[in-house]
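Here is how the chains run, residue by residue.
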Amino acid sequence: MSINWLRFVSPSLKKPPLFHLCHLPPPPSSSSAVIVAMSYDKELAAAKKAASLAARLCQKVQKALLQSDVQSKNDKSPVTVADYGSQALVSFVLQQEFPDNFSLVAEEDSKDLRKDGGQEIVERITKLVNDSLTIDGSYNVTLSTEDVLKAIDNGRSEGGSQGRHWVLDPIDGTKGFLRGDQYAIALALLDGGKVVLGVLACPNLPLTSLSDAGQHSPNNKVGCLFFAVVGGGTYMQPLDGSSAVKVQVSAVENPEEASFFESYEAAHSMHDLSSLIAQKLGVKAPPVRIDSQAKYGALSRGDGAIYLRLPHKGYREKIWDHAAGCIVVSEAGGVVTDAAGQPLDFSKGKYLDLDTGIIVTNQKLMPLLFNAVRKSIQEKASSL
Ligand SMILES: Nc1ncnc2c1ncn2[C@@H]1O[C@H](COP(=O)(O)O)[C@@H](O)[C@H]1OP(=O)(O)O
Ligand SMILES: [Mg+2]
Ligand SMILES: [Mg+2]
Ligand SMILES: [Mg+2]
């Protein structure tokens, strides 16, 4: 039986059209196509709320960390508190909103917290989560420490190609978080193994382009929330909740004019391979190094045109590090593939099976970028 795949996007919609088309076989008695529009409105509203609350929790912890004279920046405990607190909060909110059909694949679990000596940190996390829920006011609850541990462990789903699964990185870019730089709360929804919705909260990302002069001036407000639903485009709004604007990737066609992003952390990327690729493309500007999936957000609004993520051999990419970023960029008109030109496959569980790394750019530049990547990989291999 043939299967009809159709897209439905209403031109009259002023709000982002939030329809994902299900692909169903036509009824046996009719030759006309069947369109089933599936809305993710409720999921999007819940995801935005959960990510915004988590962002506020993380901001509070980061502020205390940076202001503290006592805590050294090498002390990992504030990060831990924020990672777990963010995960518990997002997990709790999503479970409240979708009690009958809830599956979450998330980075953290409570194993270390349940060890001897973990009680104090669990109490700190619980207080942070309860404070956030009180400020929000939608749920009339006070969570116990055990409730918080359970909420964290509700993120233990394995994901896969069947049904719906939320995918969460409660803090992506922990090193950036510690330095007071960029980090993101990244939340996505998989439906049938495909990413259908993504929300990226980037509390330290300026609202204006990173390429604008004076972006570090004290008047430049920070805190961006990117969101995308399949077929509906990508939007960005300030984390304080004011109105959203549609964003588009850069339209740059000449690689000489393209600027590119890569990891801030040298250990996360083969910078020598990235430089070789940039050299082959003729990119003139030096790479912009920022932490976390904030790179996907920045790219989706055209701050830069290329993102290269080429981790060292043996590193396995996890789905929560790319699911939200991937849809945010692709709905803004960008392309995300591995180094063999294949789309990322989020249906295989927690890990992405990739050839070498991930490359991201606009549709015009992708063929040039892809060739430069292949040639550079070959050259690097033959020089070893
Ligand atoms: N050795 C590594 N190579 C590549 N990525 C890593 C490595 N270690 C951790 N990461 C993850 O890379 C992401 C940060 O990417 P970037 O380098 O682009 O900022 C984070 O998801 C971080 O995890 P985490 O979520 O714990 O911060
Ligand atoms: Mg991460
Ligand atoms: Mg993380
Ligand atoms: Mg981590």
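Identification of the chain as 3'(2'),5'-bisphosphate nucleotidase from Gossypium darwinii is taken from an unreviewed UniProt entry. A UniProt comment under Function (unreviewed entry) is attached to the chain, and it reads "Converts adenosine 3'-phosphate 5'-phosphosulfate (PAPS) to adenosine 5'-phosphosulfate (APS) and 3'(2')-phosphoadenosine 5'-phosphate (PAP) to AMP."

Chemist: Would you mind going over the overall build of the chain with me for this structure?
Modeler: In terms of helices and strands, the chain carries 9 helices and 14 strands. Within the chain, the fraction of its 384 residues that count as buried is 53%. Restricting to contacts in the chain with at least 6 residues of sequence separation, those with at least 24 account for 69%. Accessible surface, the chain: about 17500 Å² in total, of which carbon and sulfur atoms supply 52%.

Chemist: Looking at this model, I keep getting lost on the pairing of strand β7 (residues 222-229). Mind explaining?
Modeler: On a regular strand, each side chain points to the face opposite its neighbour's, so the side chains alternate between the two faces of the sheet. Across the 8 residues that make up β7, a large majority, 7, are buried. The pairing of β7 with strand β8 (residues 234-238) spans 5 bridges and is antiparallel. By the bridge assignment, F226 is partnered in β8 with M236.

Chemist: Mind showing me how you'd approach the site of ligand 1 here?
Modeler: Every one of the 15 residues lining ligand 1 counts as a neighbour, but D172, H268, S292, K295 and D321 are closest to it. H268 is positioned such that a nitrogen or oxygen atom in its side chain is 2.5 Å from an oxygen atom of ligand 1. D321 is positioned such that a nitrogen or oxygen atom in its side chain is 2.5 Å from an oxygen atom of ligand 1. Look at ligand 1: alone it shows 550 Å² of surface, and the protein chains cover 82% of it. Sorting elements by how many residues they give to the shell around ligand 1 places strand β4 (residues 164-172) first, with 3 residues. Of the residues that constitute the shell around ligand 1, the class distribution is 3 nonpolar, 5 polar and 7 charged. Residue-level mapping places the shell around ligand 1 at the junction of two domains, with at least three residues from each of domain 1 (42-247) and domain 2 (255-383).

Chemist: So what exactly am I meant to see when it comes to the packing of helix α3 (residues 119-136) against helix α4 (residues 145-153) here?
Modeler: Two measures define how a pair of helices packs: the angle their axes make with one another and the distance between the axes. At their nearest, the axes of α3 and α4 sit 9 Å apart, and the two run at 85° to each other. On the basis of their axis angle, the class for α3 and α4 is roughly perpendicular. Of α4, the residues touching α3 (which contributes Q119, V122, E123, I125 and T126) are T145, V148 and L149. Its residues assigned to classes, the contact of α3 with α4 shows 4 nonpolar, 3 polar and 1 charged.

Chemist: Looking at this model, I keep getting lost on the packing of aromatic side chains. Mind explaining?
Modeler: This structure, assessed with the given rule, holds 5 aromatic pairs. Ring centres 5.9 Å apart and planes at 35° place the aromatic pair F98 and W166 in the tilted group. Here W166 lies in strand β4 and F98 lies in the loop between α2 (77-97) and β3 (104-106), a separation of 68 residues in the sequence. Both residues of the pair, F98 and W166, count as buried. Arranged with centres 5.7 Å apart and planes meeting at 15°, the rings of F227 and Y235 form a pair that is stacked. Taking relative accessible area as the criterion, F227 reaches 4% and is therefore assigned buried. Between K48 and the ring centre of F227, over which it is positioned, the NZ or CZ distance is 3.9 Å. Positioned above the aromatic ring of Y351, the side-chain terminus of R316 is 3.9 Å from the ring centre.

Chemist: I tried to follow the sheet that holds strand β13 (residues 334-338) on my own but got confused; where do I start?
Modeler: Strands belonging to one sheet form pairs held by backbone hydrogen bonds; the direction of such a pair is parallel or antiparallel. In space, the 5 strands of this open sheet follow the order β11-β10-β12-β14-β13, with mixed pairing throughout. The strands lining the two open edges of the sheet, one partner per strand, are β11 (288-289) and β13. Here strand β12 (residues 306-309) runs beside strand β14 (residues 358-362); their pairing, made up of 4 bridges, is antiparallel. Counterpart to I306 in the pairing with β14 is T361. Along the sheet, helix α8 (residues 323-330) contacts β13 and β14; its crossing angle with β13, the most-contacted strand, is approximately 140°.

Chemist: Sorry if this is basic, but what is going on with the UniProt feature "binding site: Mg(2+)" (unreviewed entry) in the chain here?
Modeler: The residues that UniProt annotates with the feature "binding site: Mg(2+)" (unreviewed entry) are E107, D169, I171, D172 and D321. Spanning 215 residues, the annotated positions come together in the fold, the maximum distance between their C-alpha atoms being 9.7 Å. As for its position among the elements, E107 is in the loop between β3 and α3. Overall, the relative accessible area of 34% leaves E107 in the partly exposed class. By the secondary structure assignment, D169 is in strand β4. We classify D169 as buried; its relative accessible area is 1%. When residues no more than four places from it in sequence are discounted, the contact partners of D169 are E107, A184, I185, A186, W320 and D321.

Scoring rules and cut-offs
- Residues numbered from 1 in each chain as written.
- Chains lettered and ligands numbered in written order.
- Predicted model: local features only at pLDDT ≥ 70, side-chain atom pairs only at ≥ 80, totals over all residues.
- Heavy atoms only, no water.
- UniProt positions renumbered as here; feature names shortened; annotations may be inferred.
- Helix = DSSP H or I, 4+ residues; strand = E, 2+ residues; numbered from the N terminus.
- Buried < 20%, exposed > 50% of the residue type's maximum accessible area, 1.4 Å probe, protein only.
- Contact = heavy atoms within 4.5 Å.
- Areas by Shrake-Rupley, 256 points an atom, 1.4 Å probe, with all protein chains shown as cover.
- Pairing = 2+ DSSP bridges.
- Near = heavy atom within 4 Å.
- Polar contact = N/O pair within 3.5 Å; in protein donor to acceptor, adjacent residues only side chain to side chain.
- Nonpolar A, V, L, I, M, F, W, Y, C, P; charged D, E, K, R; others polar.
- Domains from an automatic or database assignment.
- Axes fitted to C-alpha atoms, helices over the stretch in contact; angles between N-to-C directions.
- Parallel < 35°, antiparallel > 145°, perpendicular 65-115°, else oblique.
- Phe/Tyr/Trp six-rings, centres within 6.5 Å; stacked < 30°, edge-to-face > 60°.
- Lys NZ or Arg CZ within 6 Å of the ring centre and 35° of its normal.

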